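Below are the chains, spelled out letter by letter.
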Amino acid sequence: MTVEMSSTPEFIRQQHVDVRAAFDEGITRSIAWRKAQLLNFNKMIHENREAIYAAIYKDLGRTKMWALFGDYIPIVSDVTYLIDNLEKLTAKNKRTPDVVFLATHSAYTVKQPLGAVLIMSPWNFPVHLCLRPFAGAIAAGCTAVLKPSELSPHSSQLIYDLVNKYLDRRAFRVVLGAAPEATELLKYKWDKICFTGGGSVGKIVYKAAAEHLTPVLLELGGKSPVIVDESADIPKAARSVLNMKCANAGQICVAPDYLFVHPKVHAHFVSEISKAINEFFGPDPQKSESYGRIINNRHLHRLATLIQRQKQEAPHSSIVAGGIVDEADKYIAPTIVDNVKYGDPLMEDELFGPLLPVIEATTDEAIRFINKGDTPLALYVMSRNQKNIDYIISSTLSGGVGVNELAFHVAQLELPLGGVGASGMGNYGATYSFDAFSHERPVFVTKQTTYHYLLGKVPFSPPFNPKFVNFVDKAVYNAVGVYQPTPSALKVLATVLRLATGTGILVLVGWLFLKFAKAVQWV
């Protein structure tokens, strides 16, 4: 499919100008307007779900089952949550001032929109990873330009058509195209850039954003490991790993990239995962309607080359299942490679395909290897030993963790999707998407009261009285001193006193302090 769009530099510049102007005009600040847009968004997804499934199938050969659970449901869940909770998310959050200011001041925080934002999404989940953060931007009150991937043209064209049909074009635009269009968009100052994709392009986005000191949300992926210890339910673990490795033909940012399997269960695991391929897809996965295809010939050639390199450069390893490539059909069979070593070709970069290296290793060996590399977007633990699970989680770092299941953590409403270090920065998903495009603004309000008048008589402003400064210094030092844990009873007492302190007490204290200050000639 060829996308025909006037994505000239002037056209792109105008999209930036228009959404910036819409934000400056205050179009998006109304909560009622935001809710109306979210309701239209919800209607857009519901009325066009079959078109979404069809576009994803044309781009990736992904079945309706995976389009349903991988794209439609996460988006609908997020937008429903945002509609139901928009007033709560945008409300003032009362904060308690310090005790000295209780009667004279109030404090709160309020989340306000960042402004005009750019959302750049990848091809592997072309609808989910574009529209899910976009829903958060709408709820937060931002205007936005979307840049979906040119590698999934059917999905990108559909997004363009639907956004223009259902949502307010003053505030929201879609730019189609490839690298030149993306590069042009990055020349402009945005109030936030959300990019989901590979690390190499993520660095380009980050560098471009730095030119304008623009904050970024980067979700970048990486080599997400699985640790299978000796206590794991091996049949279940093998099928869980295979299921997520073969979903979308392995083209998922949180797919398992490689496995560490404990020596005591290694042979059993390899046997079970090999059997599971036949259970899931039959004797010939290429004929299965449940198995997808590689996005294009370039990525297929990359994966096929890795298979050949592994055979030639790592003869100690062996392909125990799969290894079949059909370029005309953009098909690579589910491929299990056993006895892989740390320096093998399959361990160099994120695979992003249906290739699964298996390394025989103890838990401690696995942890050491994981901690030597870049921080992964996800880490999975297959174990029935809670002590071991806790040990692995506390000894490693990753964007998210799945225990005895893979990838389901990314679709939970109350859990964030995001990486750390080389796997990204920031989070999105439901509340986290709203927060990603908001600024939490602290507000401290002074009341004009008698006590404020009295407090104003004390020399807190120049010229400073040395006696007063020394008195306060010694008082604070003696009150705080070297840190010591506060007994629980005192904590309760302090809380009661804090709550009981009212205007009358503060006025009295202020009056007495003023008299004392005059007596020692501070005022």
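Each value, and the rule that gives it
- Residues numbered from 1 in each chain as written.
- Predicted model: local features only at pLDDT ≥ 70, side-chain atom pairs only at ≥ 80, totals over all residues.
- Heavy atoms only, no water.
- Buried < 20%, exposed > 50% of the residue type's maximum accessible area, 1.4 Å probe, protein only.
- Helix = DSSP H or I, 4+ residues; strand = E, 2+ residues; numbered from the N terminus.
- Pairing = 2+ DSSP bridges.
- Right-handed = clockwise from strand over helix to strand, strands pointing away.
- Axes fitted to C-alpha atoms, helices over the stretch in contact; angles between N-to-C directions.
- Parallel < 35°, antiparallel > 145°, perpendicular 65-115°, else oblique.
- Left-handed = near helix turned anticlockwise from the far one by under 90°.
- Contact = heavy atoms within 4.5 Å.
- Phe/Tyr/Trp six-rings, centres within 6.5 Å; stacked < 30°, edge-to-face > 60°.
- Core = buried A, V, L, I, M, F, W, Y, C linked by side-chain atoms within 4.5 Å.
- Arc of directions from axis to C-beta.
- Nonpolar A, V, L, I, M, F, W, Y, C, P; charged D, E, K, R; others polar.
- Lys, Arg positive; Asp, Glu negative; His and termini not counted.
- Salt bridge = Lys/Arg side-chain N within 4 Å of Asp/Glu carboxyl O.

Engineer: Run through the pairing of strand 16 (residues 400-403), naming residues and quoting values.
Structural biologist: Judged by which residues are buried, strand 16 turns out to be one-sided: Gly 400 and Gly 402 face inward and are buried, whereas Val 401 and Val 403, on the alternate face, are not. Two elements, strand 15 (residues 378-382) and strand 16, share four bridges in a ladder whose sense is parallel. The residue of strand 16 that forms the bridge with Leu 379 is Val 401. Between strand 15 and its parallel partner strand 16, the chain crosses via helix 13 (residues 386-395), and the hand of that crossover is right-handed.

Engineer: So what's going on with the packing of helix 2 (residues 31-47) against helix 6 (residues 153-166)? Residues and values would help.
Structural biologist: Running from N to C, helix 2 and helix 6 cross one another at 135 degrees; their axes reach a closest spacing of 10 Å. Relative to helix 6, the element helix 2 lies oblique. Where helix 2 crosses over helix 6, the handedness of that crossing is right-handed. Contact residues: helix 2 offers Asn 40, Lys 43, Met 44 and Glu 47, while helix 6 offers Leu 162, Val 163 and Tyr 166.

Engineer: An account of the packing of aromatic side chains is needed here, citing residue identities and associated values.
Structural biologist: Within this structure, the stated rule accounts for 13 aromatic pairs. Ring geometry for Phe 41 against Phe 134: centres 5.9 Å apart, planes inclined by 55 degrees, an arrangement best described as tilted. Taken as a pair, Phe 41 in helix 2 and Phe 134 in helix 5 (residues 128-140) lie far apart in primary sequence, 93 residues in all. As far as the burial class goes, Phe 41 and Phe 134 line up, both buried. Seen in terms of ring centroids, Phe 134 and Phe 172 are 5.2 Å apart; in terms of plane orientation they differ by 85 degrees. Their pairing is edge-to-face.

Engineer: So what about the nonpolar core? Which residues, and what values?
Structural biologist: Membership of the largest hydrophobic core comes to 95 residues, with the highest contact counts inside it found for Phe 41, Leu 131, Phe 134 and Phe 269. Counting residues in each nonpolar core, the second largest holds 25 residues, with Tyr 258, Leu 355, Ile 359 and Ile 367 among its members.

Engineer: Can you tell me about the sheet that holds strand 18 (residues 438-446), naming the residues and giving the values?
Structural biologist: In space, the three strands of this open sheet follow the order 1-2-18, with antiparallel pairing throughout. Strands at the two margins of the open sheet, each flanked by one partner only, are strand 1 (93-95) and strand 18. Direction aside, the axes of adjacent strands within the sheet are offset by 30 degrees on average. Looking at chain direction, strand 1 and strand 2 (residues 105-113) are connected through three bridges and run antiparallel. Looking at strand 2, one finds that Arg 95 is bridged to Ala 107.

Engineer: Got a sec to walk through helix 12 (residues 363-372)? Specific residues and values, please.
Structural biologist: Every buried residue belonging to helix 12 is among Thr 363, Ala 366, Ile 367 and Ile 370, and all of these are buried. End-on, the buried residues of helix 12 take up no more than an arc of 100 degrees, which puts them together on one face.

Engineer: Can you explain the packing of helix 4 (residues 64-90) against helix 5? Please cite residues and give values.
Structural biologist: One way to put it is that helix 4 packs onto helix 5 with a least axis distance of 9 Å and a crossing angle of 5 degrees. Classified by the angle between their axes, helix 4 and helix 5 sit roughly parallel to one another. Along the contact surface, helix 4 presents Gly 70, Asp 71, Pro 74, Ile 75, Asp 78, Leu 82 and Leu 86, while helix 5 presents His 128, Leu 131, Arg 132, Ala 135, Gly 136 and Ala 139. Residue classes in the contact of helix 4 with helix 5 are distributed as seven nonpolar, three polar and three charged.

Engineer: Quick rundown of the pairing of strand 8 (residues 225-228)? Include the residues and the values.
Structural biologist: Of the two faces of strand 8, the one holding Pro 225 and Ile 227 and the one holding Val 226 and Val 228 are both buried throughout. The pairing of strand 8 with strand 9 (residues 258-261) spans four bridges and is classified as parallel. Bridge pairing in strand 9 places Val 228 opposite Val 261. Following the backbone out of strand 8, through helix 9 (residues 234-246) and into the adjacent parallel strand 9, one traces a crossover that is right-handed. Pairing analysis gives three bridges linking strand 8 to strand 15, with the strands arranged parallel. The residue bridging Val 228 from the neighbouring strand is Met 382, located in strand 15.

Engineer: Go over the side chain of Lys 245, please, and point to the residues and values.
Structural biologist: Counting through the fold element by element, Lys 245 comes out in helix 9. Put simply, Lys 245 is tucked away with no salt bridge, and the nearest opposite charge, on Asp 257, sits 4.8 Å away. Each residue touching Lys 245, except ones within four places of it in the same chain, is listed here: Gly 250, Pro 256, Asp 257, Leu 351, Gly 353, Pro 354, Leu 355 and Leu 356.

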